[in-house]
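Reading the structure
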Amino acid sequence: MAGLPVRSCSSDERRVKVIDLFCGAGGSTLGFKMAGFDVILGVDIDPIALSSYNLNHPEIETWQMDILDLSADKLPEADVVIGSTPCTEFSLAKRVRTYDMTLTNHFLQIVQEHKPKYWILENVPSIAWYLPFGTPYNLLCAANYGVPQQRLRCIAGEYPYPLPTHAKHPQRTLDDRELLPWVKFGTIVYPGGAKIVSKDGIAGAIRRANQLGRKKCSFALHVLDEEDVPFTLTATEFHGLRAPSTIIWDQGKLRRLSWLECVRCQSFPDDYIFKGTLDQRYHQLGDAVPPLLARAIAEAILRDQ
């Protein structure tokens, strides 16, 4: 993929094998491949997401199946098992949440029986309240690893902590290391194809915010300029001002993010292929693990070898 270096391995270096459950379009897979890992299997139930995965990672075997039909004894041997279970039931953007742990608990059962050396579970921060007692986890912000997005995620599992490569939020401190600034939005701007926000669109967004506020529901409309770090990109970005979304102030006008800007906000390369309708593509993109975040975790594992 253009613009993202992939670590090469010497002929006598054994590449660490990885299985990607709930692989989606392949964000985690891409990050681990960039670090030089050997991803040997991707599993997902969504045929559209798997078609995207297969186009970008044709060398990797894929299984389209319900994770509940998968048991550890069916999986090949691997050093690392990663998975990004569906976050809808835990997302603060959802009005009614059931906090259904069925898929997550099954993933945890698989890693318990498979016994990989490392395992990683990615989801929204609120899932931490529902993980079985004693499950190790960290809350990681993707912007601390070069992703131009303030995307906070719960990363549970057995893995070494990835030291940030970019500065944390000013109100938080980690250690005395000198870190680089967060990636600003201005470094990824690509105006082409962006849609200008109309007066009626702004008025409608205000009405919707008032209506949802009376129902004690949130409606987050984020306005950025080039000096800001974008907030979390959601799977509903396609719906624009009818859903929590981001707009930017660009040369005296408000406009929505272009598709390519959203791709870059998630740290995918420009030529990464997403299949399906525009709505389906936005869902795949919003649900994905940013490759640069996955690469940071993978590189921490390499240093632990």
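Report follows, based on the coordinates. Everything numeric in this text was worked out from a predicted model, so none of it was measured.

This part takes up empty space enclosed by the protein. Throughout the structure, instances matching the rule amount to two cavities of 30 Å³ or more. In this structure, the largest cavity occupies an estimated 90 Å³ of space. Lining the largest cavity are Ser-28, Phe-32, Ile-82, Gly-83, Ile-120, Glu-122, Ile-155, Val-289, Ala-294 and Ile-297. Elements that contribute at least two residues to the lining of the largest cavity include exactly α1 (27-34), β4 (80-83), β5 (118-123) and α7 (291-304). Residue composition of the lining of the largest cavity, grouped by class: seven nonpolar, two polar and one charged. Roughly 40 Å³ of internal volume is contained in the second largest cavity. For the lining of the second largest cavity, the residue count by class is five nonpolar, three polar and one charged.

Interhelical geometry of α1 versus α7 gives an angle of 45° and a closest axis separation of 7 Å. The orientation of α1 with respect to α7, classified from their angle, is oblique. Where α1 crosses over α7, the two elements pack in a sense that is right-handed. On the side of α1, the interface is formed by Gly-27, Ser-28, Leu-30, Gly-31, Phe-32 and Met-34, while α7 contributes Pro-291, Leu-292, Ala-294, Arg-295, Ala-298 and Ile-301.

Sheets are built from strands that pair by backbone hydrogen bonding, the pairs being arranged parallel or antiparallel. Taken in spatial order, the three strands make up an open sheet running β8-β9-β10, and their pairing is mixed. Bordering the open sheet on either side are β8 (221-224) and β10 (253-256), each of which pairs with just one other strand. Put simply, the sheet's adjacent strands are angled 30° from each other on average, direction ignored.

Note that Arg-151 resides in the loop between β6 (137-141) and β7 (152-158). For the buried Arg-151, which has no salt bridge, the nearest side chain bearing the opposite charge is Glu-122, at an N-O separation of 4.9 Å. Polar side-chain contacts of Arg-151 include one of 2.6 Å to the backbone oxygen of Gly-286. If we skip the residues at most four places from it in the chain, Arg-151 touches Leu-140, Cys-141, Ala-142, Thr-232, Leu-233, Gln-266, Gly-286, Asp-287, Ala-288 and Pro-290.

Of all six residues in strand β9 (residues 245-250), five are buried; the element is thus mostly enclosed. Sheet topology places β8 next to β9; four bridges connect them, and they run parallel. Its bridge partner being in β9, Val-223 is matched across the sheet by Ile-247. Looking at chain direction, β9 and β10 are connected through four bridges and run antiparallel. Looking across to β10, one finds that Trp-249 is bridged to Leu-254. From the end of β9 to the start of β10, which pair antiparallel, there are two residues, and Gln-251 there has a positive phi angle of about 55°.

Basis of the calculations
Residues numbered from 1 in each chain as written. Predicted model: local features only at pLDDT ≥ 70, side-chain atom pairs only at ≥ 80, totals over all residues. Heavy atoms only, no water. 1 Å grid on protein atoms, 1.4 Å probe; cavity = no way out; pocket = protein on both sides within 12 Å on 5 of 7 lines; lining within 4 Å. Points joined across faces, edges and corners; volume = space filled by probe spheres on them. Helix = DSSP H or I, 4+ residues; strand = E, 2+ residues; numbered from the N terminus. Nonpolar A, V, L, I, M, F, W, Y, C, P; charged D, E, K, R; others polar. Axes fitted to C-alpha atoms, helices over the stretch in contact; angles between N-to-C directions. Parallel < 35°, antiparallel > 145°, perpendicular 65-115°, else oblique. Left-handed = near helix turned anticlockwise from the far one by under 90°. Contact = heavy atoms within 4.5 Å. Pairing = 2+ DSSP bridges. Buried < 20%, exposed > 50% of the residue type's maximum accessible area, 1.4 Å probe, protein only. Lys, Arg positive; Asp, Glu negative; His and termini not counted. Salt bridge = Lys/Arg side-chain N within 4 Å of Asp/Glu carboxyl O. Polar contact = N/O pair within 3.5 Å; in protein donor to acceptor, adjacent residues only side chain to side chain.

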